[in-house]
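Here are the chains, one letter per residue:
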Amino acid sequence: MMPADNHTFFYPVTYILTGIPGTEESHVWIAIPFCLMYVVILFGNSLLIFIILTEQSLHEPMYLFVSMLATVDLLLSTTTVPKMLAIFWFRAGEISFAACLTQMFFIHVSFIAESAILLAMAFDRYVAICDPLRYTIILTKSVIGKMGLAVVTRSFLIIFPLIVVMKQLKFCRTNLLPHTYCEHMIIARLACNNIRVHIWYGVAVAILVIGLDVVLIAVSYGLILRAVFRLPSKEARIKALRTCSSHVCVILMFYVPAVFSYFAHQFGHVIPGYILNLLANLYVLIPPMLNPIVYGVTTKEILKRILAASSRRWAIRHVGSHQNQHRYTCPVIAANPRIIRVMVKPPMVKEEVVGKPEGPALPLCSQP
């Protein structure tokens, strides 16, 4: 702790992240499930991005938005979890002021960007169901690229002023942060300045940005439901609703914990601090971990590509090991098959002459 009284201001060179206060003895064990979830996040989202980018048939608006979502999830988890594990396992809680602000910037940018991507995906589902004939005309690759650029630009413009304002704060208290990552209001509360601007900025972002996204998503799905229930057959209605199921699941996983966390902090005197801290940690782990699972399981096209890629990989390994154990030559057949020569088992060769060859011998497969 840095000693300072009410009249001594300082700009902390480093902060010390203390982890989850009240659970210090359990930090090592808490880190194990966190580490496993992080491995799932890295593998699941990386696989999802790889499958979508390498499969030409998946270069459609919905899947491109899914790849954007997976990229943001990787950014959010990689910004927070490695430092979190270092605190739990090695008590390496020190972080420079600049690094702390950088981490805070990427955490909040990821949150704003994910909300914008979910809104873009809701618009994608609206066009696909309510105006299917113009779907490919409206959502071209050029439009998707511009929407992705708009997501990044909006997130940057909203959060960057917050970093500028944070650097104007004067600190006169402790440099201990009772958390596992740098969060805006946790840092601001350590300042001796009046932080009313920070409080109102956070409220404005919550209402005018996140709140507006939620309202527009709700309007999109209201129009989607109206269009779906106007379809003539039950099968068509069920099929249309299934195309939205994975997106609805991801929306709920993203916004419900955020709302719960907000109200939990408002009634923090009722809920123990370590519970709030633990929920904040799970919030940067659970949605990024479940998103690729939801899209991989509920989206038929992605699931088929994943299974096909896995089966190809298994087949290549199986054939490679078989060739190493048993060398053989492929069947060779002449034009208008006259001579068939097969290596049955080394070194036994069976050759059957049916007639004179009328052309050069052609291998049925490449030689190993």
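Before reading further, recall that the structure is shown in the block above.
### A few points about the packing of aromatic side chains
Move 1: Considering all chains together, one arrives at 12 aromatic pairs under this definition.
Move 2: Look at Tyr-15 and Phe-171: their rings are 6.2 Å apart centre to centre, the planes differ by 75 degrees, and that puts the pair in the edge-to-face class. In this pair, Tyr-15 is assigned in strand β1 (residues 14-17) and Phe-171 in the loop between α5 (141-166) and β3 (176-177), connecting sequence segments 156 residues apart.
Move 3: Owing to a relative accessible area of 0%, Tyr-15 belongs among the buried residues under this scheme.
Move 4: What makes Phe-171 buried here is its relative accessible area of 0%.
Move 5: Considering the side-chain rings of Phe-254 and Tyr-255, the 4.8 Å spacing of their centres and the 85 degrees angle between planes classify their relative orientation as edge-to-face.
Move 6: Aromatic rings pair up to connect Phe-105, Phe-106, Phe-156 and Phe-160 into one cluster.

### Side note on the nonpolar core
Among soluble globular proteins, nonpolar side chains are generally buried collectively.
Move 1: Counting residues in hydrophobic clusters, the biggest one holds 93 residues, and the most contacted among them are Tyr-15, Leu-118, Leu-177 and Ile-187.
Move 2: Per element, the largest residue contribution to this core is 18 residues, and it comes from helix α3 (residues 97-130).
Move 3: Residues in contact with Ile-187, not counting those within four places in the same chain, are Tyr-15, Cys-100, Met-104, Met-166, Phe-171, Leu-177 and Cys-182.

### Focus on the sheet that holds strand β2 (residues 94-96)
The strands that make up a sheet are held in pairs by hydrogen bonds between backbone atoms, and each pair lies either parallel or antiparallel.
Move 1: The three strands lie next to each other as β2-β1-β3, forming an open sheet whose pairing is mixed. Either end of the sheet is taken by a strand with one partner, and the two such strands are β2 and β3.
Move 2: Two elements, β1 and β3, share two bridges in a ladder whose sense is parallel. Bridge assignment links Leu-17 to a residue of β3, and that residue is Leu-177.

### Looking at the side chain of Asn-277
Move 1: Take Asn-277: it is sitting in helix α9 (residues 273-283).
Move 2: According to the relative accessible area criterion, Asn-277 is buried, its value standing at 6%.
Move 3: Apart from the residues lying within four places of it in its own chain, the contact partners of Asn-277 are Gly-19, Ile-20, Pro-21, Pro-178, His-179 and Thr-180.

### Details of the environment of Cys-130
Move 1: Locating Cys-130 in the fold gives a position in helix α3.
Move 2: Exposure remark for Cys-130: the relative accessible area of 29% places this residue in the partly exposed category.
Move 3: For Cys-130 and Ala-227, which are 97 residues apart along the polypeptide, the C-alpha to C-alpha distance reads 6.1 Å.
Move 4: With sequence-adjacent residues up to four places away left out, Cys-130 is seen in contact with Leu-223, Ile-224 and Ala-227.

### Notes on the pairing of β1
Move 1: Burial of β1 is one-sided: the residues Tyr-15 and Leu-17 facing one way are buried, the residues Thr-14 and Ile-16 facing the other way are not.
Move 2: Where β1 meets β2, three bridges bridge the pair, whose relative direction is antiparallel. Bridged to Tyr-15 within β2 is Ile-95.

### A look at the environment of Arg-226
Move 1: Following the sequence through the fold, Arg-226 ends up in helix α7 (residues 196-228).
Move 2: Expressed as a C-alpha distance, the spacing of Arg-226 and Cys-130, which sit 96 residues apart in the sequence, is 9.1 Å.

### A closer look at the state of the cysteines
A disulfide bridge is the covalent bond that connects two cysteines by way of their sulfur atoms.
Move 1: Here the structure, examined in full by the defined rule, presents two disulfides.
Move 2: The disulfide that involves Cys-100 links it to Cys-182, with 1.9 Å between the sulfurs. Torsion about the S-S bond of the Cys-100 and Cys-182 cystine: about -115 degrees, corresponding to left-handed handedness. Of this pair, Cys-100 sits in helix α3 while Cys-182 sits in the loop between β3 and α6 (184-188), and the two are 82 residues apart along the sequence.
Move 3: Residue classification places Cys-182 among the buried positions, given a relative accessible area of 1%.
Move 4: Across a sulfur-sulfur distance of 1.2 Å, Cys-172 and Cys-192 are joined as a disulfide pair. Here the S-S torsion is close to -85 degrees, and the disulfide linking Cys-172 with Cys-192 is therefore left-handed. One end of the pair, Cys-172, is in the loop between α5 and β3; the other, Cys-192, is in the loop between α6 and α7, and 20 residues separate them in sequence.

The rules behind these values
Residues numbered from 1 in each chain as written. Predicted model: local features only at pLDDT ≥ 70, side-chain atom pairs only at ≥ 80, totals over all residues. Heavy atoms only, no water. Phe/Tyr/Trp six-rings, centres within 6.5 Å; stacked < 30°, edge-to-face > 60°. Helix = DSSP H or I, 4+ residues; strand = E, 2+ residues; numbered from the N terminus. Buried < 20%, exposed > 50% of the residue type's maximum accessible area, 1.4 Å probe, protein only. Core = buried A, V, L, I, M, F, W, Y, C linked by side-chain atoms within 4.5 Å. Contact = heavy atoms within 4.5 Å. Pairing = 2+ DSSP bridges. Disulfide = S-S within 2.5 Å.

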